[in-house]
Amino acid sequence: MEEAGETVNLAVLDLSDYQAVIVDQVQCTQLMRMSAPIGGKLPMHASGAGKAFLAHLNDDQVTALLHQKGLHGYTPKTLMSPHTLKENLALIRKMGFSHDDEEHALGLRCVAAPIYDEHGDAFAAISISGPLARMTDDRITELGALVIRAARTVTQTYAGR
């Protein structure tokens, strides 16, 4: 949080209903900031943490999840097409971090990277969330590198890999 100057979240993957659940948060000191309740659930297709998890599922698992959950629209920017979502997930795999560009809430952006367990499965994600005014396109890449570095550090400490 101190490096980013934005709110940082820790989410875990709830495999019982395939949702990202916020388990911890460190809010920034800015007047405008993201605030979500601990225990709050994030949509898999419309949140940084959720897309970080989805990107580490294979296409068959993503398709099955989409059939089960659907693609609810939260904002005009929510990815509503399975094809568009799968293209976005391929980009996330390439970049190493996910990006929620006002897909869950207008004016809010988020970047996230997965944390892996000892088996190499993504079980948690660290994310940085903030208002569009401060999380500009230029900062997205910088903050993406920051969440990747933080997630790697936690993975190394937790899983030893």
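Here's what I pulled together on the structure shown here. What you are looking at is a predicted structure, and each value in this text was computed from that prediction instead of being measured. (Residues numbered from 1 in each chain as written. Predicted model: local features only at pLDDT ≥ 70, side-chain atom pairs only at ≥ 80, totals over all residues. Heavy atoms only, no water.)

### Some points on the environment of phenylalanine 53
Point 1. Position of phenylalanine 53 among the secondary structure elements: in helix H1 (residues 48–54).
Point 2. Note on phenylalanine 53: relative accessible area 2%, which makes it buried.
Point 3. When the C-alpha atoms of phenylalanine 53 and alanine 36 are compared, they prove to be 19 Å apart, with 17 residues separating the residues in sequence.
Point 4. Excluding anything up to four places from it in sequence, phenylalanine 53 contacts Ala11, Val12, Leu13, Ala20, Met44, Ala122, Phe123, Ala124 and Ala125. (Helix = DSSP H or I, 4+ residues; strand = E, 2+ residues; numbered from the N terminus. Buried < 20%, exposed > 50% of the residue type's maximum accessible area, 1.4 Å probe, protein only. Contact = heavy atoms within 4.5 Å.)

### Some remarks on the nonpolar core
Point 1. Of all hydrophobic cores here, the largest spans 26 residues; its most connected members are Phe53, Leu54, Leu85 and Leu89.
Point 2. Mapped onto this core, the elements with two or more residues apiece are strand E1 (7–14), strand E2 (19–26), H1, helix H2 (59–69), helix H3 (82–95), strand E5 (108–116) and strand E6 (122–131).
Point 3. Here the element with the most residues in this core is H1; it accounts for 4 residues. (Core = buried A, V, L, I, M, F, W, Y, C linked by side-chain atoms within 4.5 Å.)

### Quick notes on the sheet that holds strand E3 (residues 41–42)
Point 1. Ordered in space as E3-E2-E1-E6-E5-E4, the 6 strands form an open sheet in which the pairing is antiparallel. This sheet does not close on itself; its edge strands, each paired only once, are E3 and strand E4 (98–101).
Point 2. The pairing of E5 with E6 spans 9 bridges and is antiparallel. Looking across to E6, one finds that leucine 108 is bridged to proline 131.
Point 3. Lying over the sheet, helix H4 (residues 137–159) contacts E4, E5 and E6, oriented at roughly 25 degrees with respect to E5. (Pairing = 2+ DSSP bridges. Axes fitted to C-alpha atoms, helices over the stretch in contact; angles between N-to-C directions.)

### Remarks on the pattern of salt bridges
Point 1. Evaluation of the coordinates by the stated rule reveals 10 salt bridges.
Point 2. In this structure, glutamate 6 engages arginine 139 in a salt bridge whose closest nitrogen and oxygen atoms are separated by 3.5 Å. With glutamate 6 in the segment before E1 and arginine 139 in helix H4, the pair connects residues that are 133 residues apart, well separated along the chain. Just as glutamate 6 is buried, arginine 139 falls in that class too.
Point 3. When salt bridges that share partners are traced, they join Lys77, Asp101, Glu102, Arg109 and Asp137 into one network. (Salt bridge = Lys/Arg side-chain N within 4 Å of Asp/Glu carboxyl O.)

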